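# Report on the structure
These are the residues of each chain, in order.
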Amino acid sequence: MSLRMIARDLYRLQQEVDRLESQLKACPPAKREELEDDLRKARAERDRVKRMLEGAKEEPPYRKPR
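As a convention, each chain's residues are numbered from 1 in the sequence order in which they are written. The predicted nature of this model means local features are confined to residues of pLDDT at least 70 and side-chain atom pairs, given and counted, to a pLDDT of 80 or more, with totals for whole chains, interfaces and linings taken over all residues. Heavy atoms from the whole structure form the basis of all side-chain values; hydrogens and water molecules are not counted.

### Topic: the overall build of the protein
- When helices and strands are counted, the protein shows two helices and zero strands.
- Classification of the 66 residues of the protein by burial places 20% in the buried group.
- Contacts between residues were defined by any pair of non-hydrogen atoms, one from each residue, lying within 4.5 Å. Taking as baseline every contact in the protein between residues at least 6 positions apart, the subset at least 24 positions apart corresponds to 59%.
- Working note: accessible area of the protein is about 5,700 Å², and carbon and sulfur atoms make up 51% of it. Under the scheme used here, helices are H or I runs from DSSP no shorter than 4 residues and strands are E runs no shorter than 2 residues, and both carry numbers assigned from the N terminus. Each residue's exposure class comes from its accessible area (1.4 Å probe, protein chains only) as a fraction of the maximum for that residue type: buried when under 20%, exposed when over 50%, partly exposed otherwise. Residue-level accessible areas treat just the shown protein chains as cover; the underlying method is Shrake-Rupley with a 1.4 Å probe.

If you want it as structure tokens, here you go:
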């Protein structure tokens, strides 16, 4: 997967997390648990893609100076 696609996916996931956080602030107590679960999953996916992007930007260990 190219860096551009990973970055685009990360942006989409960040927007989803922001949307869920704003919904959580204004939701009734009955839906709170469901939204918290969705938010937890979205944050986990966002963090996974973020780590993937950061790993892709690092130079391989064989290219680092000694």
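### Looking at the pattern of salt bridges
- We define a salt bridge as a contact between a side-chain nitrogen of Lys or Arg and a carboxyl oxygen of Asp or Glu at a distance within 4 Å. Taken as a whole and assessed by the stated rule, the structure comprises eight salt bridges.
- A salt bridge links Glu21 to Arg43, with the nearest nitrogen and oxygen atoms 2.6 Å apart. Of the two residues, Glu21 is situated in helix 1 (residues 3-25) and Arg43 in helix 2 (residues 29-57); the sequence distance between them amounts to 22 residues.
- According to the relative accessible area criterion, Glu21 is partly exposed, its value standing at 27%.
- Note that Asp37 and Lys41 form a salt bridge whose closest N and O atoms lie 3.4 Å from each other.

### Digging into the nonpolar core
- We call a set of buried Ala, Val, Leu, Ile, Met, Phe, Trp, Tyr and Cys residues a nonpolar core when their side-chain atoms join them within 4.5 Å. The biggest cluster of nonpolar side chains holds seven residues, and these are Val17, Leu20, Leu24, Cys27, Leu35, Leu39 and Ala42.
- Of all the secondary-structure elements, those providing two or more residues to this core are helix 1 and helix 2.
- Residues contacting Leu20, with those up to four places away along its chain left out, are Leu35, Asp38, Leu39 and Ala42.
- Leu10, Leu13, Val49 and Leu53 belong to the second-largest nonpolar core, a separate cluster that totals five residues.

### Comments concerning the environment of Gln14
- Mapped onto the fold, Gln14 is located in helix 1.
- According to the relative accessible area criterion, Gln14 is partly exposed, its value standing at 29%.
- Along the backbone, Gln14 and Asp47 are 33 residues apart, and their C-alpha atoms lie at a distance of 9.4 Å.
- Whenever two N or O atoms come within 3.5 Å, that pair is a polar contact, provided that in protein one can donate a hydrogen and the other can accept it, and provided that, for residues adjacent in sequence, both atoms are side-chain atoms. One polar contact links Gln14 to Arg46, side chain to side chain, over a distance of 3.3 Å.

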